[in-house]
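# Report on the structure
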Amino acid sequence: METLSTAPALRERLWNEARVAFVPTMGNLHDGHLDLVRQARQHGSCVAVSIFVNPLQFGPSEDFAAYPRTLADDCRKLEGLADVVFAPAAAELYPETQTIFVEPPPIAGELCGATRPTHFRGVATVVLKLFNLVQADTALFGKKDYQQLHVIRAMARQLNLPVEIVAGETVRAADGLALSSRNAYLSETERGEAAMLYRELQRIRQEIAAGGCDLAAIADEARMRLESRGWRVDYVSLRNAATLAPALADDEKKVALAAAWLGKTRLIDNLEIG
Ligand code: PAF
């Protein structure tokens, strides 16, 4: 495995590869990332992973500075799974002040975008940069970031990007908590409580399976139950799984999405229904 930090070194390493499968990450890798990297092997003769904490997708009061940076450890975890790690410095991806951005679709202003208004613009812009540098045939993203996956798929379609987007299932801890780098911020007590977010999504799915069709009320009740346990809820929402428009009772495939704070940690999760 080679670890590279510049665009010319990356180009030189990859230009002759038959099929490149690419997993973009912000590092601090957990089994969710490693699962995507293993899956990537089925899509390419060369597996490339990027590790870059992208300043553009963090709001001014968010955790950019505190975000865990664990490059040496990440590289150890990738040994034997990836062929190339691209870990650029910020100046490599942002050689000058960024004044050109990918304008994400309107859905990027809802759900997570309601409280993180520039987040998906930052994600789409850096992912496009990474796609330009890696020139992968396939790129893999986890379903845990469901709205991000939706925005990236739309970008790939609408900008005619020659890359296939593949989604990986969310990897969960034994109690159901979706693996996330931000879980490391949780105190022991909060970690005990954190799996409630997924349990509420499961409860929503059960209620719908049992015939519940007042979707707004079902989501509101989940929000209230979480709030009564001390969570600060950004949203609990039922959406059409393909469009992320508010779900209708007869939509065949729905997704329940939630984002909520436990203390200082913001967790997101989702569950496909149908
Ligand atoms: O999902 C992430 O880790 C990031 O949003 C991504 C896609 C690597 C872009 O910085």
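The model shown is predicted, which means the values in this text are computed figures rather than measured ones.

## Quick word on the packing of helix α9 (residues 196–209) against helix α10 (residues 215–228)
The packing of two helices is summarised by the inter-axis angle and the distance between the axes. Interaxial distance between α9 and α10 falls to 10 Å at its minimum, and their mutual angle equals 155°. Taken together, the axis directions place α9 and α10 in an arrangement best described as roughly antiparallel. Crossing of α9 against α10: the hand is right-handed. Taking contact as the criterion, the partners of Met196, Leu197, Glu200, Arg203, Ile204, Glu207 and Ile208 in α9 are, on α10, Leu215, Ile218, Glu221, Ala222, Arg225 and Leu226. Partitioned by chemical class, the residues of the contact of α9 with α10 number 8 nonpolar, no polar and 5 charged.

## Quick notes on the packing of aromatic side chains
What the rule picks out here adds up to 5 aromatic pairs. Summarising the aromatic geometry, the rings of Phe131 and Phe141 are spaced 6.3 Å apart at their centres and angled 70° between planes, so their arrangement reads as edge-to-face. In this pair, Phe131 sits in helix α6 (residues 119–134) while Phe141 sits in strand β5 (residues 138–142), placing the two residues 10 residues apart along the sequence. Summarising the burial analysis for this pair, Phe131 and Phe141 share the class buried. Three or more aromatic residues link up through ring pairs in this structure, and these residues are Phe22, Phe131 and Phe141. Directly above the ring of Phe64 sits Arg69, whose terminal nitrogen or CZ lies 4.7 Å from the centroid. Stacked on the ring of Phe101, the Lys or Arg Arg121 has its end atom at 3.8 Å from the ring centre.

## Quick look at the nonpolar core
In terms of nonpolar packing, the biggest core is built from 46 residues, with Phe22, Val127, Phe131, Val134, Phe141, Met155 and Ile165 touching the most fellow members. With 9 residues, α6 is the largest single contributor of residues to this core. Filtering out sequence-adjacent residues up to four positions away, Met155 remains in contact with Val102, Ala124, Val127, Leu128, Phe131, Asn160 and Leu161.

## Considerations on the environment of Ile204
Inspection of the secondary structure puts Ile204 in helix α9. As a C-alpha pair, Ile204 and Glu221 span 17 residues in sequence and 9.2 Å in three-dimensional space. Excluding residues that lie within four positions of it along the chain, Ile204 makes contacts with Ile218, Ala222, Val236, Leu238, Ala256 and Ile273.

## Focus on helix α7 (residues 146–158)
Because an α-helix completes one turn every 3.6 residues, residues spaced three or four positions apart along the sequence face the same direction. For α7, spanning 13 residues, the distance from its first C-alpha to its last is 18 Å, which sits close to the expected 18 Å at 1.5 Å a residue. Inspection of α7 places Tyr146, Gln147, Gln148, Leu149, His150, Val151, Ile152, Ala154, Met155 and Ala156 among the buried residues, and these make up the whole buried set. Against the buried residues of α7 lie α5 (112–115), α6, β5, β6 (164–168), β8 (254–262) and β9 (265–273).

## Section: the packing of α6 against α7
Two numbers describe how α6 lies on α7: the axes approach to 10 Å, and their chain directions differ by 55°. What the angle tells us is that α6 and α7 run oblique. As for the relative orientation of α6 and α7, their crossing is right-handed in sense. Where α6 abuts α7, its residues Phe120, Val123, Ala124, Val127, Leu128 and Phe131 lie against Gln147, Gln148, Val151, Ile152 and Met155.

## Quick word on the site of the ligand
In the region of the ligand, the neighbouring residues are Pro24, Thr25, Met26, Asn54, Gln57, Val123, Val126, Val127, Phe141, Asp145 and Gln148. A distance of 2.6 Å separates an oxygen atom of the ligand from a polar side-chain atom of Gln57. For the ligand, an oxygen atom lies 2.7 Å from a polar atom in the side chain of Gln148. In isolation the ligand exposes 290 Å². Once the protein is present, 90% of that is buried. Here the residues of the shell around the ligand sort into 6 nonpolar, 4 polar and 1 charged.

## A word on the sheet that holds β8
Spatial ordering of the open sheet is given by β7-β8-β9, a layout of 3 strands whose pairing is antiparallel. Two strands close off the open sheet at either side, each with one partner strand: β7 (232–240) and β9. Within the sheet, the average angular offset between the axes of one strand and its neighbour, ignoring direction, is 10°. Bridge count for β8 against β9 is 9 bridges, and the pairing is antiparallel. Bridged to Trp261 within β9 is Arg266. Lying on the sheet, α10 is in contact with β7 and β8; it crosses β7 at an angle near 155°.

Quick notes on the rules
Residues numbered from 1 in each chain as written. Predicted model: local features only at pLDDT ≥ 70, side-chain atom pairs only at ≥ 80, totals over all residues. Heavy atoms only, no water. Axes fitted to C-alpha atoms, helices over the stretch in contact; angles between N-to-C directions. Helix = DSSP H or I, 4+ residues; strand = E, 2+ residues; numbered from the N terminus. Parallel < 35°, antiparallel > 145°, perpendicular 65-115°, else oblique. Left-handed = near helix turned anticlockwise from the far one by under 90°. Contact = heavy atoms within 4.5 Å. Nonpolar A, V, L, I, M, F, W, Y, C, P; charged D, E, K, R; others polar. Phe/Tyr/Trp six-rings, centres within 6.5 Å; stacked < 30°, edge-to-face > 60°. Buried < 20%, exposed > 50% of the residue type's maximum accessible area, 1.4 Å probe, protein only. Lys NZ or Arg CZ within 6 Å of the ring centre and 35° of its normal. Core = buried A, V, L, I, M, F, W, Y, C linked by side-chain atoms within 4.5 Å. Expected span 1.5 Å × (residues − 1). Near = heavy atom within 4 Å. Polar contact = N/O pair within 3.5 Å; in protein donor to acceptor, adjacent residues only side chain to side chain. Areas by Shrake-Rupley, 256 points an atom, 1.4 Å probe, with all protein chains shown as cover. Pairing = 2+ DSSP bridges.

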